[in-house]
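This is what each chain is made of:
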Amino acid sequence: NITVLPVPPFGSCGDPATFIHEVQGPGFSSPIVGTPGVIIEGVVVGDFQAGDELRGFFLQEEDSDADGDPQTSDGIFVFDNSFGTDVSMGAVVRVQGTVAENFGQTEIRNINNIEDCLIADTASAAAITLPRSSVDDWESTEGMSIDFTQMLYASGNFSQARFGEVDLALGGP
């Protein structure tokens, strides 16, 4: 027998929602992975909805709701897969879907609802200083807007066309 969990009512913008840092949790994967019907709200910090892009967007907790915990990320990717609701940078958006892990990154997918809250808010970029002591140090900013405080140089673009990746280096290429 398969138990199907009921999906909670979507509600309206500003109604209670799960904080993005609670979805992300302090570990390498979400503590609620597989949970359907999770509702989050945040600011769009990256819009890549087109079919030739990532087919989704990045949401980050509003500055007023960020937890400030260096162990948790306040950002997440929403894989909307052409759900049909266009979002724009800086807009507050309410989303309902299932928490999943994809290639080691937490995301919301199998979208039930998306609503543009018709307001803008601020989600400040996290300041990053290189070098990082471990690749694991990136987990705390997963899905967030980041700002490098140092001059970086493009040192490789082999996978730019296929994956949108560019290699960056300190001190020169």
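Residues numbered from 1 in each chain as written. Predicted model: local features only at pLDDT ≥ 70, side-chain atom pairs only at ≥ 80, totals over all residues. Heavy atoms only, no water.

> Please clarify how the state of the cysteines should be interpreted in this entry.
A disulfide bridge is the covalent bond that connects two cysteines by way of their sulfur atoms. Across all of its chains, the model carries one disulfide by this definition. Through a disulfide, Cys 13 is tied to Cys 117; the S-S separation comes to 2.1 Å. Measuring the twist about the S-S bond at about -85 degrees, one finds the Cys 13-Cys 117 disulfide to be left-handed. Placement of Cys 13 in the segment before helix H1 (20-24) and of Cys 117 in strand S5 (residues 105-120) is noted, with a sequence separation of 104 residues between them. (Disulfide = S-S within 2.5 Å. Helix = DSSP H or I, 4+ residues; strand = E, 2+ residues; numbered from the N terminus.)

> What is the right way to look at the pattern of salt bridges in this model?
Close approach of charged atoms allows side chains of opposite charge to pair. Taken as a whole and assessed by the stated rule, the structure comprises two salt bridges. Close ionic contact of Glu 41 with Arg 94 constitutes a salt bridge, the shortest N to O distance being 2.5 Å. Note that Glu 41 is positioned in strand S1 (residues 38-48) and Arg 94 in strand S4 (residues 91-102), a separation of 53 residues in sequence. Taken as a pair, Glu 41 and Arg 94 share a single burial class, namely buried. For the salt bridge of Glu 107 with Arg 109, the shortest nitrogen-to-oxygen distance reads 2.5 Å. You can call Arg 109 partly exposed: its relative accessible area is 25%. (Salt bridge = Lys/Arg side-chain N within 4 Å of Asp/Glu carboxyl O. Buried < 20%, exposed > 50% of the residue type's maximum accessible area, 1.4 Å probe, protein only.)

> How should the nonpolar core be read in this particular structure?
Across soluble globular proteins, nonpolar side chains show a tendency to be buried alongside one another. Core analysis: the biggest nonpolar cluster contains 17 residues, and Ile 40, Phe 57, Leu 59, Val 78, Val 93, Val 95 and Ile 108 have the highest contact counts within it. Elements with a minimum of two residues in this core: H1, S1, strand S2 (56-60), strand S3 (75-78), S4 and S5. Among the elements that line this core, the one with the most residues is S4, at four residues. Among all residues touching Val 93, those that are not within four sequence positions of it are Ile 40, Glu 41, Gly 42, Val 44, Phe 57, Leu 59, Val 87, Ile 114, Glu 115 and Cys 117. Grouped together as the second largest cluster of nonpolar side chains are eight residues, Phe 58, Phe 77, Cys 117 and Ala 123 included. (Core = buried A, V, L, I, M, F, W, Y, C linked by side-chain atoms within 4.5 Å. Contact = heavy atoms within 4.5 Å.)

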